[in-house]
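Spelled out from the first residue to the last, the chains are:
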Amino acid sequence: MSQNPLRPAGTLWPPILLGSQFVFNIGFYAVVPFLAIFLRDDMMLSGGLIGLILGLRTFSQQGMFIVGGALSDRFGAKIVILCGCLLRIAGYLMLAFSHTLWPVILGACLTGIGGAFFSPSIEALLAKAGTQSEAQGKRSRAEWFALFAVCGELGAVLGPAAGALLTGFGFRQIALAGAGIFVIALITLFFSLPSAPPSAQTLKIVPWWTTFRQPRFVAFIIAYSSWLLSYNQLYLALPVEIQRAGGSEKDLGPLFILASLLIILCQLPLARVARRAGAARILPIGFLLLAAAFASVALFAASAPPDGWLRLLPSICFVTLLTLGQMLLVPAVKDLIPWFSHESTLGAHYGALASAGGCAVLVGNLVFGTRLDAALSPGPQAVIPWLELAIFPLCSAVAMMVICRPLRK
């Protein structure tokens, strides 16, 4: 009897997971980069409220990662991934049809919770499939994860471009298109992912207090949290700079494409450089690059923007330096976490790392959403918020020199 090719019998085809990451990132980056512009121009919200909503969206995803992983362990990855797709579809639909504040906040949070459900589950499935592939003498697990990252960045390239093409029709159409992408992903994954019997064990989240008994680790995650705060300024502060320069939301697409192309082309070479230098030496450099990204915009913020594409030069410098810092920081930090933890508490340590970043984004965006209102038009006042943002990664660079000193050879 012939078997449905979309439903593997007890085995998982890793390219399905690679394709999922590609599609998920298209659906994400086609919508979220344009959310701040919608909130400012269409909803007429203040900078503080915009920062709060974007911060809540990030916190609802980062803070729920440990919950999504625990649910996946208990009920199986497939059902949790499908629920995550449904939650993101519901979030996008609420953003598309809401005209008041609270439904918009709820929609933004649902998009984050959806990501917290499907992202750790997809990665867990890929780790399992990669282990099987490596045991069979085929592609290694590390190679599958490298391809996973590349597929994600390819989606991040196409997503903003697709969103930019729809900006002329309004944000509602952008959000509806994003929901449609996740509907396609939901249907495909329903037939493609193998079902797994739920675990009989009791749902239990690894105790968080074990991670907070380590003062050095607590200092480490606090220092690292400024990375996520800095990275999220692509969604909050970058649209402000584009408006100051006289650009429009259509300029966001090419800038996000620039960031993704940098990662696709430079991530592996920079990872090799970072591995030779060592995490203890590379982390301060990564945070200094983040601080330089904000300082580069501050250099231009007081001046009237030039004509033509040169008006986007500060934004280009910002995206380039921020992305270079990200490429040095993230792999090095992920490799360092086992140094702080035992195998039994590894998930709790990674969860604490993500949640600390989510808290930083929530508080930081609430504060800087209001502060960035001063940067909407050229003038001396426009310099101050960017310099204030630079202080956080600068402090993290100094802190990492101290925290990671025992790791130096």
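Quick note: structure is the one above.
Since we're looking at a predicted model, the values are computed, not measured.

Participant: Quick question: what am I supposed to make of empty space enclosed by the protein here?
Facilitator: Empty pockets left among the atoms are what a rolling probe the size of a water molecule brings to light. Per the counting criterion, the structure on display carries one cavity of 30 Å³ or more. The wall of the largest cavity is formed by Val 32, Leu 54, Arg 57, Thr 58, Asn 232, Tyr 235 and Asn 365. The greatest single-element share of the lining of the largest cavity, amounting to three residues, is contributed by helix α3 (residues 47-62). Its residues assigned to classes, the lining of the largest cavity comprises three nonpolar, three polar and one charged.

Participant: Which parts of the structure should I look at to understand the packing of helix α1 (residues 14-29) against helix α8 (residues 171-192)?
Facilitator: A packed helix pair is summarised by two numbers, namely the angle formed by the two axes and the spacing between the axes. Contact geometry of α1 with α8 gives a least axis separation of 9 Å together with a crossing angle of 165°. In terms of orientation, α1 lies roughly antiparallel with respect to α8. For the pair α1 and α8, the crossing hand works out as left-handed. Between α1 and α8, the contacting residues are Ile 16, Ser 20, Val 23, Phe 24, Ile 26, Gly 27 and Phe 28 on the first element and Gly 178, Ile 181, Phe 182, Ala 185, Leu 189 and Ser 192 on the second. In terms of residue class, the contact of α1 with α8 is built from nine nonpolar, four polar and no charged.

Participant: Would you mind showing me how to read the side chain of Gln 233 here?
Facilitator: Mapped onto the elements, Gln 233 comes out in helix α10 (residues 233-244). Among the polar contacts listed, one links the side chain of Gln 233 to the backbone oxygen of Leu 229, at a separation of 2.9 Å. A distance of 3.2 Å separates polar atoms of two side chains, one belonging to Gln 233 and the other to Asn 365. In contact with Gln 233, not counting residues within four places along its chain, are Leu 238, Phe 294, Phe 318, Asn 365, Leu 372 and Leu 389.

Participant: How do you make sense of the layout of surface pockets when you look at a structure like this?
Facilitator: Here the second largest pocket defines a volume of roughly 160 Å³. Taken together, 10 residues make up the lining of the second largest pocket; nearest its centre are Leu 12, Pro 14, Ser 133, Gln 136 and Lys 138. The dominant element in the lining of the second largest pocket, judged by the number of residues it contributes, is helix α6 (residues 101-135), at three residues. Classifying every residue of the lining of the second largest pocket by side-chain character gives five nonpolar, four polar and one charged.

Participant: Looking at this structure, I do not really get the environment of Tyr 92. What am I missing?
Facilitator: Looking at where Tyr 92 falls in the secondary structure, it is placed in helix α5 (residues 77-97). Residue classification places Tyr 92 among the buried positions, given a relative accessible area of 0%. Measuring from C-alpha to C-alpha, the distance between Tyr 92 and Gly 178 comes to 6.9 Å, with 86 residues separating the pair along the chain. Setting aside residues up to four positions removed in sequence, Tyr 92 forms contacts with Gly 27, Phe 28, Val 31, Val 32, Thr 111, Ala 175, Gly 178, Ala 179 and Phe 182.

Participant: Where do I start with a nonpolar patch on the surface in this structure?
Facilitator: A cluster of nonpolar side chains, Val 183, Ile 187, Phe 190 and Phe 191, forms an exposed patch at the surface whose accessible area comes to about 320 Å². Locating Phe 191 in the fold gives a position in helix α8. Overall, the relative accessible area of 33% leaves Phe 191 in the partly exposed class.

Participant: Help me understand the pattern of salt bridges, please; the structure alone is not making it clear to me.
Facilitator: If charged atoms from side chains of opposite charge come close, those side chains can pair. A complete count under the given rule lists four salt bridges for this structure. A salt bridge links Arg 40 to Asp 373; its shortest N-O distance comes to 3.3 Å. Within this pair, whereas Arg 40 is found in helix α2 (residues 35-42), its partner Asp 373 is found in the loop between α14 (346-371) and α15 (383-403), the two being separated by 333 residues in sequence. Note that Arg 311 and Asp 251 form a salt bridge whose closest N and O atoms lie 3.4 Å from each other. Placement of Arg 311 in the loop between α12 (279-301) and α13 (313-340) and of Asp 251 in the loop between α10 and α11 (252-277) is noted, with a sequence separation of 60 residues between them.

Participant: Mind showing me how you'd approach the nonpolar core here?
Facilitator: Grouped together as the largest cluster of nonpolar side chains are 114 residues, with contacts concentrated most on Phe 220, Phe 318 and Trp 386. Setting aside its immediate chain neighbours within four residues, Phe 318 contacts Gln 233, Leu 234, Leu 238, Ala 293, Phe 294, Ser 296, Val 297 and Trp 386.

Participant: Mind showing me how you'd approach unusual backbone geometry here?
Facilitator: Apart from glycine, the bulk of residues carry a negative phi angle, and the bulk of peptide bonds sit in the trans form. Phi angles above zero are rare outside glycine, and Met 44 is one such case at about 60°. Structurally, Met 44 can be placed in the loop between α2 and α3. By relative accessible area, which is 65% here, Met 44 ends up exposed.

Participant: Where do I start with the packing of α5 against α6 in this structure?
Facilitator: Their axes nearest at 7 Å, the elements α5 and α6 cross at an angle of 155°. As the angle between them shows, α5 and α6 are arranged roughly antiparallel. In the packing of α5 onto α6, the handedness of the crossing is left-handed. The residue makeup of the contact of α5 with α6, split by class, is 20 nonpolar, eight polar and one charged.

Reading the values: rules and limits
Residues numbered from 1 in each chain as written. Predicted model: local features only at pLDDT ≥ 70, side-chain atom pairs only at ≥ 80, totals over all residues. Heavy atoms only, no water. 1 Å grid on protein atoms, 1.4 Å probe; cavity = no way out; pocket = protein on both sides within 12 Å on 5 of 7 lines; lining within 4 Å. Points joined across faces, edges and corners; volume = space filled by probe spheres on them. Helix = DSSP H or I, 4+ residues; strand = E, 2+ residues; numbered from the N terminus. Nonpolar A, V, L, I, M, F, W, Y, C, P; charged D, E, K, R; others polar. Axes fitted to C-alpha atoms, helices over the stretch in contact; angles between N-to-C directions. Parallel < 35°, antiparallel > 145°, perpendicular 65-115°, else oblique. Left-handed = near helix turned anticlockwise from the far one by under 90°. Contact = heavy atoms within 4.5 Å. Polar contact = N/O pair within 3.5 Å; in protein donor to acceptor, adjacent residues only side chain to side chain. Buried < 20%, exposed > 50% of the residue type's maximum accessible area, 1.4 Å probe, protein only. Patch = residues over 30% accessible without salt bridge, like charges linked within 9 Å, V, L, I, M, F, W, Y side chains within 5 Å. Areas by Shrake-Rupley, 256 points an atom, 1.4 Å probe, with all protein chains shown as cover. Salt bridge = Lys/Arg side-chain N within 4 Å of Asp/Glu carboxyl O. Core = buried A, V, L, I, M, F, W, Y, C linked by side-chain atoms within 4.5 Å.

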